[in-house]
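# A structural walkthrough
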Amino acid sequence: MKFFVDTADTSEIKDLAATGLLDGVTTNPSLILKSGRPMREVIEEICALVEGPVSAEVTATEADAMIAEGRKLAGIADNIAIKLPLTLDGLKACRALTDDGHMVNVTLCFSANQALLAAKAGASFISPFIGRLDDVHVDGMELIREIRVIYDNYAFDTEVLAASIRSANHVKDCALAGADVATVPPAVLKGLVKHPLTDKGLEQFLADWAKTGQSIL
Ligand code: G3P
């Protein structure tokens, strides 16, 4: 499973890119607002930090305007994935932009039927929002499982990009369900490495090593 980070905070992205574990970045208008920076400037910087896909979201709601915005965003860098909402206009724009050869991430997906439509429209990524479904007492992970089955039934190339991830358990369950990608907030991504027994074990090994009085180098 690939890891994308869900943020427009470039210092977090720089830190995570240095680990070699980062496969891409997703942003949305709320994350751009949180960054407090102009969208174009922040997206340009992210695209230079990360080789993989960087999702940048359109804000128009009508297909022709979405296509124009998408083409402008795609002009920022070769690794832009144009993010479009899951509406009829969004799907129309998806077909046009993928026919142009651009990567498209169809976002705000809350049902398997929506995901089926996005795949038929040629999307490179579908973004089902797990956490927001859990928030309204619907099992978000079940949606990932359903989309996986449907995409495999018809050999769709569209990658399942699990989004709105809130916890380490979400990440593990996405991997078990066969999501292609998980986009994860920086704190959750960094938290995946932690285990108290790892810390305790390392402390013991280092203490015992110090007692030997030896050095490897
Ligand atoms: O980028 C879209 C998605 O990951 C949003 O997550 O936590 O705002 O539901 P959240």
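Residues numbered from 1 in each chain as written. Predicted model: local features only at pLDDT ≥ 70, side-chain atom pairs only at ≥ 80, totals over all residues. Heavy atoms only, no water.

Around the ligand, the neighbouring residues are D6, N28, K83, F129, R132, A163, S164 and R166. Contact distances for the ligand include 3.3 Å between an oxygen atom and a side-chain N or O atom of K83. Residue R166 places a side-chain N or O atom 3.0 Å away from an oxygen atom belonging to the ligand. In a pocket analysis with a 2 Å cut-off to the grid points, the ligand is assigned to the largest pocket. The residue makeup of the shell around the ligand, split by class, is two nonpolar, two polar and four charged. (Near = heavy atom within 4 Å. Polar contact = N/O pair within 3.5 Å; in protein donor to acceptor, adjacent residues only side chain to side chain. 1 Å grid on protein atoms, 1.4 Å probe; cavity = no way out; pocket = protein on both sides within 12 Å on 5 of 7 lines; lining within 4 Å. Sits in = over half its atoms within 2 Å of the grid points. Nonpolar A, V, L, I, M, F, W, Y, C, P; charged D, E, K, R; others polar.)

Judged by nonpolar contacts, the single largest core of 60 residues is most densely connected at L84 and I126. Among the elements that take part in this core, helix α8 (residues 140–153) stands out by supplying five residues, more than any other. When near neighbours in sequence (up to four residues on either side) are disregarded, L84 contacts V58, M66, G90, A93, C94, L97, V104, N105, V106 and T107. One finds F4, F125, L161 and V181 within the second-largest nonpolar core, a separate group that totals five residues. (Core = buried A, V, L, I, M, F, W, Y, C linked by side-chain atoms within 4.5 Å. Buried < 20%, exposed > 50% of the residue type's maximum accessible area, 1.4 Å probe, protein only. Helix = DSSP H or I, 4+ residues; strand = E, 2+ residues; numbered from the N terminus. Contact = heavy atoms within 4.5 Å.)

Glancing now at the pairing of strand β8 (residues 181–184). On β8, burial covers both faces: V181 and T183 on one face and A182 and V184 on the other are all buried. Strand direction decides the pairing type here: strand β1 (residues 2–6) and β8, joined by four bridges, are parallel. Bridge assignment links V5 to a residue of β8, and that residue is V184. Relative to β8, strand β7 (residues 159–162) runs parallel, the two sharing two bridges. Paired with A162 across the two strands is A182, which belongs to β8. Crossover connection from β7 via helix α9 (residues 168–177) to parallel β8: handedness right-handed. (Pairing = 2+ DSSP bridges. Right-handed = clockwise from strand over helix to strand, strands pointing away.)

This part takes up the packing of aromatic side chains. Here the structure, examined in full by the defined rule, presents four aromatic pairs. Centroid distance F110 to F129: 5.5 Å. Interplanar angle 65 degrees. Geometry classified as edge-to-face. A residue pair is termed long-range when its members are at least 10 positions apart, and F110 in the loop between β5 (103–109) and α6 (112–120) and F129 in the loop between β6 (125–128) and α7 (130–135) qualify at 19 residues. Taking relative accessible area as the criterion, F110 reaches 31% and is therefore assigned partly exposed. Pairing Y154 with F156 gives two aromatic rings, centres 6.2 Å apart and planes at 45 degrees, and the pair type is tilted. According to the relative accessible area criterion, Y154 is exposed, its value standing at 58%. Looking at F156, the relative accessible area reads 24%, which means it is partly exposed. (Phe/Tyr/Trp six-rings, centres within 6.5 Å; stacked < 30°, edge-to-face > 60°.)

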